[in-house]
Amino acid sequence: DAPELVDDYYLNLVSWSESNVLAVALGQCVYLWEAETGNIKHLLTLREETDFVTSVSWVRDKGNSHYIAVGTNHNVVQLWDAEAERRLRSLDG
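These numbers were taken from a predicted model, which means no experiment stands behind them.

Peer 1: Please set out the sheet that holds strand 3 (residues 29-34) residue by residue, giving values where relevant.
Peer 2: Judged by pairing direction, the sheet is antiparallel, and its four strands sit side by side in the order 1-2-3-4 without closing on themselves. The two strands at the open ends of the sheet, each matched to only one other strand, are strand 1 (14-16) and strand 4 (40-45). Put simply, the sheet's adjacent strands are angled 20° from each other on average, direction ignored. Pairing geometry for strand 1 and strand 2 (residues 21-26), over three bridges, is antiparallel. Within the sheet, the bridge partner assigned to Trp16 lies in strand 2 and is Leu22.

Peer 1: How would you sum up the sheet that holds strand 5 (residues 53-58)? Please name residues and give values.
Peer 2: In space, the four strands of this open sheet follow the order 5-6-7-8, with antiparallel pairing throughout. In the strand order of this sheet, the two ends are held by strand 5 and strand 8 (86-92), each with one partner. On average, adjacent strands in this sheet sit at an angle of 20° to one another, irrespective of strand direction. In this structure, strand 6 (residues 67-72) lies alongside strand 7 (residues 76-81), joined through five bridges in antiparallel fashion. Bridging from a neighbouring strand, Val70 pairs with Gln78 of strand 7.

Parameters at a glance
Residues numbered from 1 in each chain as written. Predicted model: local features only at pLDDT ≥ 70, side-chain atom pairs only at ≥ 80, totals over all residues. Heavy atoms only, no water. Pairing = 2+ DSSP bridges. Helix = DSSP H or I, 4+ residues; strand = E, 2+ residues; numbered from the N terminus. Axes fitted to C-alpha atoms, helices over the stretch in contact; angles between N-to-C directions.

Nothing here speaks to function; it is all geometry.
Take a look at the structure:
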């Protein structure tokens, strides 16, 4: 079950990393599911009520597969270190 999964063909709301972690965007939140352990981590919740996640994508560069980009409805891309669970940058568009 995926509550708050935005029903829009043009959004990219799931992304699978090289380290076997699935990122899923549900409304204003991004969750990480580790396939090997079954653990689920809450990575982030967007602050503004009118904003929601429009895309998630893992970095595909060897050795940097723990970085993830998160795009939002307010034209912002956030870069996150999923291992440290912290935002590294926010790029306004």
